[in-house]
2 protein chains.
Amino acid sequence: MKLLEDRIREEGVVKEGNVLKVDMFLNHQMDVFLFRQMAKEWKKLFADAGVNKILTIEASGIGIACIAAEEFGCKVVFAKKTQGKNLDGELYTTQITSFTKGRVFDVIVEKKFLGPEDRVLIIDDFLANGCALEGLIRIVRESGAELVGCGIAIEKGFQAGGAKIRSMGVHLESLAIIESMTPDGGIVFRE
Amino acid sequence: MKLLEDRIREEGVVKEGNVLKVDMFLNHQMDVFLFRQMAKEWKKLFADAGVNKILTIEASGIGIACIAAEEFGCKVVFAKKTQGKNLDGELYTTQITSFTKGRVFDVIVEKKFLGPEDRVLIIDDFLANGCALEGLIRIVRESGAELVGCGIAIEKGFQAGGAKIRSMGVHLESLAIIESMTPDGGIVFRE
């Protein structure tokens, strides 16, 4: 998606350790005009798929997921990374390792929010090694819901996540796939 | 706001310890149709205030803030509760105590996202003792930005936060204010 690639080129900052900061528009400051264009793109890519629920994970997936949910006319459920005292129902649980935070999280979704009647689109901001996405896919499958696909904003194509998820037969659509990037600012996108 | 009060009555669950669960539509599953109506209400309440930035706090404030930001035609910044390795700029920092999580968080916003040119509306899902909101207000004031006001979805009117924030002269608009609630499900709203 050219609009997103342009923003990554203009405002993204490549840091040591394969970190891409896009906090100007995606995951600290959030440009909801851009989010709306991304949401429309996902709607095109998953048209006629009968999506009736969007699943994401806190925190930075929530904004794009909510805007996307308006396009699909459905609700959002966000997976939570820790167990607060407000969570007391039956839970789907799994563990994921966060690339940026460098630690393992327990991830939970209350069972009442996902079930066999749901056709789920997973939305998230980043796909790198795929741990978070695999965790969300495990939760969808455990729930008996149908996984329609995954919509990602930025995929780091040089890490293993995208290939792994696609090899599982999942319909994965990343709006920008980075082939390579270097700290001097050079970013090459996959055609 | 009647639509929100109706949803709280229909789907809210009052738990021991003054906990109100509204996870069916607000902060685990998210009803973006409701969010859009809430956003339009805030837009009416803060019309002509020149809002050019919305500040919220992760995680459950992000969805309503993003939808509201489209109404105001501005960007969202969300305050983060922990310091990941992607945060390395100059930071505004403060501490807040979470009512639901029962612990103290460091809350941060990168300085480049808030400054004297900003007219800030703070959006959050809950107001109880006011700790989170006071923390966000401290960050806005430290940044030199103008605080236009605060838009809250649900205020627990029987806790001290609302009175405290209003006594500071802040324009605070809560879409539903709960006067009292009991575990048998009785919820009384402020007129």
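Notes on the structure in this doc start here.

What counts, and where the lines are drawn
Residues numbered from 1 in each chain as written. Chains lettered and ligands numbered in written order. Predicted model: local features only at pLDDT ≥ 70, side-chain atom pairs only at ≥ 80, totals over all residues. Helix = DSSP H or I, 4+ residues; strand = E, 2+ residues; numbered from the N terminus. Expected span 1.5 Å × (residues − 1). Buried ≥ 20, exposed ≤ 12 C-beta atoms within 10 Å, placed from the backbone. Pairing = 2+ DSSP bridges. Least-squares fit on C-alpha atoms with pLDDT ≥ 70 in both. Contact = placed C-beta atoms within 7 Å. Axes fitted to C-alpha atoms, helices over the stretch in contact; angles between N-to-C directions. Parallel < 35°, antiparallel > 145°, perpendicular 65-115°, else oblique. Nonpolar A, V, L, I, M, F, W, Y, C, P; charged D, E, K, R; others polar.

This brings us to helix H3 (residues 61-72) of chain A. Residue and element names in this part refer to chain A. In a regular helix each residue adds 1.5 Å, so 12 residues correspond to 16 Å; H3 covers 16 Å between its end C-alpha atoms and thus fits that length. Counted residue by residue, H3 has 10 buried out of 12 residues, so it is predominantly covered. If you check which residues of H3 are buried, you get Gly-61, Ile-62, Gly-63, Ile-64, Ala-65, Cys-66, Ile-67, Ala-68, Ala-69 and Phe-72.

In this section: the sheet that holds strand E10 (residues 172-181) of chain B. Ordered by their spatial adjacency, 7 strands build an open sheet running E3(A)-E5(B)-E4(B)-E8(B)-E9(B)-E10(B)-E11(B), and the pairing between neighbours is mixed. The outermost strands of the open sheet, each flanked by one partner alone, are strand E3 (29-30) of chain A together with strand E11 (187-189) of chain B. Note that strand E4 (residues 53-57) of chain B and strand E8 (residues 119-127) of chain B share 3 bridges and pair parallel. Bridging across to E8(B), Ile54(B) finds its partner in Leu121(B).

This next bit is on the relation of the copies chain A and chain B. Mapping chain A onto chain B is achieved by rotating through 180° and translating by 0.0 Å along the same axis, at an RMSD of 0.0 Å. In short, the pair behaves as if placed about a two-fold rotation axis.

This brings us to the sheet that holds strand E9 (residues 146-156) of chain A. The 7 strands are arranged E11(A)-E10(A)-E9(A)-E8(A)-E4(A)-E5(A)-E3(B) in an open sheet whose pairing can be described as mixed. Here the strands that pair on one side only, and so sit at the sheet edges, are strand E11 (187-189) of chain A together with strand E3 (29-30) of chain B. Here helix H2 (residues 32-45) of chain A sits on the sheet in contact with E9 and strand E10 (172-181) of chain A, set at roughly 115° to E10(A). Along the sheet face, helix H4 (residues 131-143) of chain A touches strand E4 (53-57), strand E5 (75-79), strand E8 (119-127) and E9 of chain A and points at about 170° away from the line of E8(A).

Position of Gly186(A) among the secondary structure elements: in the loop between E10 and E11. Separated by 78 residues in the primary sequence, Gly186(A) and Ile108(A) have C-alpha atoms spaced 37 Å apart.

This part covers the packing of H2(A) against helix H3 (residues 61-72) of chain B. Contact geometry of H2(A) with H3(B) gives a least axis separation of 9 Å together with a crossing angle of 105°. By the angle between their axes, H2(A) is roughly perpendicular relative to H3(B). On the side of H2(A), the interface is formed by Val32(A), Phe35(A) and Arg36(A), while H3(B) contributes Cys66(B), Ala69(B) and Glu70(B). Of the residues belonging to the contact of H2(A) with H3(B), the class tally is 4 nonpolar, no polar and 2 charged.

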